[in-house]
Amino acid sequence: MSRGEQRPQDFLGGLAAAARGMGVVIKQVFRPDVTERYPQQIDEPPPRSHIGRHLLNRYENGLEKCIGCELCAYACPADAIWVEGADNDPENPVSPGERHAKDYQINYLRCIMCGLCVEACPTRALTMTHAYEMAFTSREDAIFTKEQLLEPPLPLGTAPGTQEG
Ligand code: SF4
Ligand code: SF4
């Protein structure tokens, strides 16, 4: 066989490879659409997923679980938590025991959602929710106050600005 002349088996091999390639293309063309229509259509994360903003919890009697110990702030690698503890007024305690959090803030411009603060909390006062919709237009909006953190998050799809998404 002279140089440059193609053998029949080479030609058939090339044809088979092209057919296989076209098979992949056709399969992709008819693949079901998996584009998510967020935020018009939101798939709820699993109930036990903890991927979003924090929640400061209360006991059933309304007392706050946070005792202002600052362990969460020490555990935070991003320096995102500010806690100011204070003594409880025995006549009107905020939490059981001697101390409570007079002030508590989380800066979501710093938080990396690692959950180390939750692990460090001795009273399970601090947990994470599945509220992952966290877009802000100012630094002030990104720093959640104690009052905000004591409130359960808004349902997914209703956070300010989500409808424009
Ligand atoms: S989740 Fe991580 S980064 Fe965010 S506040 Fe807690 S410890 Fe800090
Ligand atoms: S949230 Fe937990 S770790 Fe943080 S100050 Fe309160 S009790 Fe301590």
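Look up a bit, the structure's there.
The rules we used
- Counting of residues starts from 1 at the beginning of each chain's written sequence and follows it residue by residue.
- Ligands are numbered from 1 and chains lettered from A, in the order in which they are written.
- In keeping with the model being predicted, local features are shown solely for residues with a pLDDT of at least 70 and side-chain atom pairs are shown and tallied solely at 80 or more, while totals for entire chains, interfaces and linings include all residues.
- Numbering of helices and strands runs from the N terminus; a helix is a DSSP stretch of H or I covering at least four residues, while a strand is a stretch of E covering at least two.
- C-alpha atoms define the radius of gyration in this analysis, and the globule rule sets the expected value at 2.2 Å times the number of residues to the power 0.38.
- Once C-beta atoms have been placed from the backbone, residue pairs whose C-beta atoms lie within 7 Å are recorded as contacts.
- We count a residue as near a molecule or strand when its backbone-placed C-beta atom lies within 6 Å of that partner.
- Under the scheme applied, nonpolar residues are Ala, Val, Leu, Ile, Met, Phe, Trp, Tyr, Cys and Pro; charged residues are Asp, Glu, Lys and Arg; polar residues are all the others, including Gly.
- If DSSP finds at least two bridges between two strands, the strands pair.
- The length a helix should cover is 1.5 Å for every residue beyond the first.
- Field definition: a residue is buried when 20 or more other C-beta atoms are found within 10 Å of its C-beta, exposed when 12 or fewer are, and partly exposed for counts in between, with C-beta atoms placed from the backbone.

Chemist: Any details on the overall build of the protein? Residues and values, ideally.
Modeler: Helices and strands together make up the secondary structure of the protein, namely 5 helices and 5 strands. Reading the secondary structure of the protein in the N-to-C direction produces α-β-α-β-β-α-β-α-β-α. At 28 Å, the protein has a C-alpha radius of gyration far larger than the 15 Å of a compact globule built from 165 residues. With respect to the principal axes defined by its C-alpha atoms, the protein has extents near 105 × 35 × 30 Å. Relative to all contacts within the protein whose residues are 6 or more apart in sequence, the contacts with residues 24 or more apart total 71%.

Chemist: Describe the site of ligand 1, with residues and values.
Modeler: Surveying the vicinity of ligand 1 reveals 13 residues, the closest of which are C76, C111, C114, L116 and C117. Residue classes in the shell around ligand 1 are distributed as 12 nonpolar, 1 polar and no charged.

Chemist: I'd love a proper account of the site of ligand 2, names of residues and values included.
Modeler: Inspection of the region around ligand 2 gives 14 residues, with C66, C69, C72, C121 and L126 positioned closest. Class assignment for the residues of the shell around ligand 2 results in 11 nonpolar, 2 polar and 1 charged.

Chemist: Summarise the environment of E151; cite the residues concerned and give the values.
Modeler: For E151, the location among the structural elements is in the segment after α5 (146–150). Placed 97 residues apart in sequence, E151 and H54 show a C-alpha to C-alpha distance of 9.8 Å.

Chemist: Quick one: what's the story with the pairing of strand β3 (residues 99–107), residue by residue and with numbers?
Modeler: With 7 bridges joining them, strand β2 (residues 81–87) and β3 adopt antiparallel strand pairing. Paired with G85 across the two strands is A101, which belongs to β3. Pairing analysis gives 2 bridges linking β3 to strand β5 (residues 143–144), with the strands arranged antiparallel. Across the sheet, the residue bridging to I106 is F144, located in β5.

Chemist: A description of the sheet that holds β5 should follow, citing residues and the corresponding values.
Modeler: Spatially, 3 strands are ordered β2-β3-β5 in an open sheet, and the strand pairing comes out antiparallel. With partners counted over all chains shown, the strands left at the sheet margins are β2 and β5, one partner each.

Chemist: Explain helix α1 (residues 8–29) to me, using residue names and the numbers behind them.
Modeler: In this model, α1 (22 residues) spans 32 Å end to end at C-alpha, consistent with the 32 Å of a helix rising 1.5 Å per residue. Taken across its 22 residues, α1 has 0 buried, putting it largely on the surface.

Chemist: Please provide a residue-by-residue account of the environment of A16, values included.
Modeler: Relative to the elements of secondary structure, A16 occurs in helix α1. C-alpha of A16 to C-alpha of R37: the two residues are 21 residues apart in sequence and 39 Å apart in space.

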